[in-house]
Amino acid sequence: MNLLIRQRLFSWLDSYDVYADDGTPAYTVKGEVSFGHQLRIYEHSGTPIGLVKEVLLTFMPAFRLYQNGQQIGTLRRKVSLLHPCYEIPELGWSAEGDFMQWNYTLYDETGREAAVISKQILNLTDTYVLSIADPKNALLVLMIVIAIDAELCTAEKAS
C-alpha cells in the first residue's frame, strides 16, 4: 500500500493532505494551537482517528501517538551521530533515516521492514511517499512520519 502526504502551502498551522494510490483523499492532518506541535488526523469522512502531540521539556524530541483517543506509544529520537534514529518502545518499532534526513525505513516489533518513507525534494512543500507493507499499519506509519516531520521543522527553526 502506498500513501502520498502533501503539506498544505497556505496554512497557519501544520496541515497535510494524504492520498491513496489512486489519488483519492485518504486522510487529512490538521495542526492545532498548543504549546509544541499537536496534529490531529481525520479519516476522509471527517472522523478524528489519531493525534500526534509533542512532549515538551525532554532531553531528546518525543511525540505521543494516540489512536481513537488512546495513547498507543511515544516516538522518541535516539542519540545517533551519523543518521537520525527513532523508537517507539511500547510497540517495539524503530525508524532509521538517511544522512540527509529525507528517507526513512520503519521496522516493526519483529525487525521486519514495515514501511519505507521517501521525501520528494522538488516540491514547494514537504511531500512524502509512504510504501507500507501491511495496510493495517497505515495510520501508525502516518503518525510516525508526521511526528518526524514536526521534529525536523522544530530543529530547523531552532538553528
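Structural notes, computed from the coordinates. (Residues numbered from 1 in each chain as written. Predicted model: local features only at pLDDT ≥ 70, side-chain atom pairs only at ≥ 80, totals over all residues. Heavy atoms only, no water.)

## Structural notes on the layout of surface pockets
Then, in step 1: Taken as a whole, the second largest pocket encloses approximately 190 Å³ of empty space.
Then, in step 2: In this structure, the second largest pocket is lined by Leu 91, Trp 93, Asp 108, Glu 109, Arg 112, Glu 113, Ala 114, Ala 133, Asp 134, Lys 136, Asn 137 and Leu 140.
Then, in step 3: Looking at the lining of the second largest pocket residue by residue, the classes come out as five nonpolar, one polar and six charged. (1 Å grid on protein atoms, 1.4 Å probe; cavity = no way out; pocket = protein on both sides within 12 Å on 5 of 7 lines; lining within 4 Å. Points joined across faces, edges and corners; volume = space filled by probe spheres on them. Nonpolar A, V, L, I, M, F, W, Y, C, P; charged D, E, K, R; others polar.)

## Details of empty space enclosed by the protein
Then, in step 1: Applying the stated rule across the entire model yields one cavity of 30 Å³ or more.
Then, in step 2: Roughly 40 Å³ of volume is contained in the largest cavity.
Then, in step 3: Lining the largest cavity are Tyr 104, Ile 117, Tyr 128, Val 145, Ile 148 and Asp 149.
Then, in step 4: Here the element with the most residues in the lining of the largest cavity is helix α1 (residues 138-158); it accounts for three residues. (Helix = DSSP H or I, 4+ residues; strand = E, 2+ residues; numbered from the N terminus.)

## Some details on the sheet that holds strand β11 (residues 113-120)
Then, in step 1: Overall, antiparallel pairing links the twelve strands, which are arranged β1-β2-β3-β4-β5-β6-β7-β8-β9-β10-β11-β12 in a closed barrel. Going from strand to strand, the sheet's axes swing by 20 degrees on average, the running direction of each strand aside. (Pairing = 2+ DSSP bridges. Axes fitted to C-alpha atoms, helices over the stretch in contact; angles between N-to-C directions.)

## Here's the deal with the pattern of salt bridges
Then, in step 1: Per the counting criterion, the structure on display carries five salt bridges.
Then, in step 2: Here Glu 151 and Arg 77 are joined by a salt bridge, their closest N and O atoms 3.0 Å apart. One end of the pair, Glu 151, is in helix α1; the other, Arg 77, is in strand β7 (residues 70-78), and 74 residues separate them in sequence.
Then, in step 3: What makes Glu 151 buried here is its relative accessible area of 7%.
Then, in step 4: Of the charged contacts in the structure, one is a salt bridge between Lys 119 and Asp 126, with a shortest N-O distance of 3.3 Å. (Salt bridge = Lys/Arg side-chain N within 4 Å of Asp/Glu carboxyl O. Buried < 20%, exposed > 50% of the residue type's maximum accessible area, 1.4 Å probe, protein only.)

## What about unusual backbone geometry?
Then, in step 1: One non-glycine residue, Asn 68, adopts positive backbone phi at about 50 degrees.
Then, in step 2: Within the fold, Asn 68 resides in the loop between β6 (62-67) and β7.
Then, in step 3: At Gln 101, a residue that is not glycine, the phi angle is positive and equals roughly 65 degrees.
Then, in step 4: Within the element layout of this structure, Gln 101 appears in the loop between β9 (93-97) and β10 (103-107).
Then, in step 5: Under the relative-accessibility criterion, Gln 101 is labelled partly exposed at 26%.

## A closer look at the pairing of strand β2 (residues 15-20)
Then, in step 1: Alignment of strand β1 (residues 2-7) against β2, held across five bridges, turns out to be antiparallel. By the bridge assignment for β2, Arg 6 is matched with Asp 17.
Then, in step 2: Turn length for the β2-strand β3 (residues 25-31) hairpin, with the two strands adjacent in sequence and antiparallel, is four residues, and the turn residue Gly 23 shows positive phi of about 90 degrees.

## Observations regarding the side chain of Thr 28
Then, in step 1: Looking at the secondary structure, you find Thr 28 in strand β3.
Then, in step 2: Using a relative accessible area of 18% as the deciding quantity, one classes Thr 28 as buried.
Then, in step 3: Aside from chain neighbours lying at most four places away, what touches Thr 28 is Arg 8, Tyr 16, Asp 17, Arg 40, Ile 41 and Tyr 42. (Contact = heavy atoms within 4.5 Å.)

## Considerations on the side chain of Asp 149
Then, in step 1: Among the structural elements, Asp 149 can be located in helix α1.
Then, in step 2: No salt bridge is formed by the buried Asp 149; its nearest oppositely charged neighbour, Lys 119, is found at 5.1 Å.
Then, in step 3: Contacts of Asp 149, omitting those with residues within four sequence positions, involve Tyr 16, Asp 126 and Tyr 128. (Lys, Arg positive; Asp, Glu negative; His and termini not counted.)

## A short note on the pairing of β3
Then, in step 1: For β3, the buried fraction is high: five of the seven residues fall into the buried class.
Then, in step 2: With five bridges joining them, β2 and β3 adopt antiparallel strand pairing. Looking at the pairing, Ser 15 lines up with Lys 30 of β3.
Then, in step 3: Pairing of β3 with strand β4 (residues 38-43) involves five bridges; the strand directions are antiparallel. Each bridged residue has a counterpart across the sheet, and for Gly 31 the counterpart in β4 is Leu 39.
Then, in step 4: If you look at the hairpin formed by β3 and β4, you'll find six residues sitting between the two strands, and Gly 36 has a positive phi there, around 80 degrees.

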